[in-house]
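# Structural overview
What follows is each chain in one-letter form.
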Amino acid sequence: PHPAPRRQFAFVLAGELEGAVSDGEVRRLGPGSVILLEDMWGKGHTTRVVGNDPVVLALVQLPD
């Protein structure tokens, strides 16, 4: 697990991944999914690729 380096949006462009946060919630994200990462403290989150296709993300970091 790791925290996000700063608040940022993650846009899934290709592939499928699964993300889990420290409270146990798990989400599956595929192309077209957008998520706001703001877990900059504590345990953070984990991610894993689901399936055989590579995951391509676009990350947009937000100003402080």
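Preceding this paragraph is the structure being described.
Conventions we followed
Residues numbered from 1 in each chain as written. Predicted model: local features only at pLDDT ≥ 70, side-chain atom pairs only at ≥ 80, totals over all residues. Heavy atoms only, no water. Salt bridge = Lys/Arg side-chain N within 4 Å of Asp/Glu carboxyl O. Helix = DSSP H or I, 4+ residues; strand = E, 2+ residues; numbered from the N terminus. Buried < 20%, exposed > 50% of the residue type's maximum accessible area, 1.4 Å probe, protein only. Pairing = 2+ DSSP bridges. Axes fitted to C-alpha atoms, helices over the stretch in contact; angles between N-to-C directions. Core = buried A, V, L, I, M, F, W, Y, C linked by side-chain atoms within 4.5 Å. Contact = heavy atoms within 4.5 Å. Patch = residues over 30% accessible without salt bridge, like charges linked within 9 Å, V, L, I, M, F, W, Y side chains within 5 Å. Areas by Shrake-Rupley, 256 points an atom, 1.4 Å probe, with all protein chains shown as cover.

Going through the model one piece at a time under the given rule, you end up with six salt bridges. For Asp-64, the salt bridge is made with Arg-6, and the minimal N-O distance between the two is 3.2 Å. Linking Asp-64 in the segment after strand 6 (56-61) with Arg-6 in the segment before strand 1 (8-14), this pair joins segments that are 58 residues apart in sequence. A salt bridge links Arg-48 to Glu-18, with the nearest nitrogen and oxygen atoms 3.1 Å apart. Taken together, the residues Arg-48 in strand 5 (residues 45-49) and Glu-18 in strand 2 (residues 17-21) connect sequence positions 30 residues apart. Take Arg-48: its relative accessible area is 46%, and that puts it in the partly exposed class.

One open sheet accounts for three strands, arranged 3-2-5; its pairing is antiparallel. In this open sheet, the two strands that pair with only one neighbour each are strand 3 (26-29) and strand 5. Sheet twist, expressed as the mean angle between neighbouring strand axes with direction ignored, is 20 degrees. Alignment of strand 2 against strand 3, held across four bridges, turns out to be antiparallel. Paired with Leu-17 across the two strands is Leu-29, which belongs to strand 3.

What follows covers the environment of Leu-37. Turning to its location among the elements, Leu-37 is positioned in strand 4 (residues 34-37). As a C-alpha pair, Leu-37 and Pro-3 span 34 residues in sequence and 8.9 Å in three-dimensional space.

As a further point, take the nonpolar core. One finds Ala-4, Ala-10, Val-12, Leu-17, Leu-29, Ile-35 and Leu-37 forming the largest nonpolar core, which totals seven residues. Of all the secondary structure elements, the ones that give two or more residues to this core are strand 1 and strand 4. Those residues in contact with Leu-17, other than ones at most four positions away along the chain, are Arg-27, Arg-28, Leu-29, Thr-47, Arg-48, Val-49, Val-50, Val-55 and Leu-57.

Looking now at a nonpolar patch on the surface. Side chains of Phe-9, Val-34, Leu-36 and Val-60 sit close together on the surface and give an oily, nonpolar patch of about 280 Å² of accessible area. Locating Phe-9 in the fold gives a position in strand 1.

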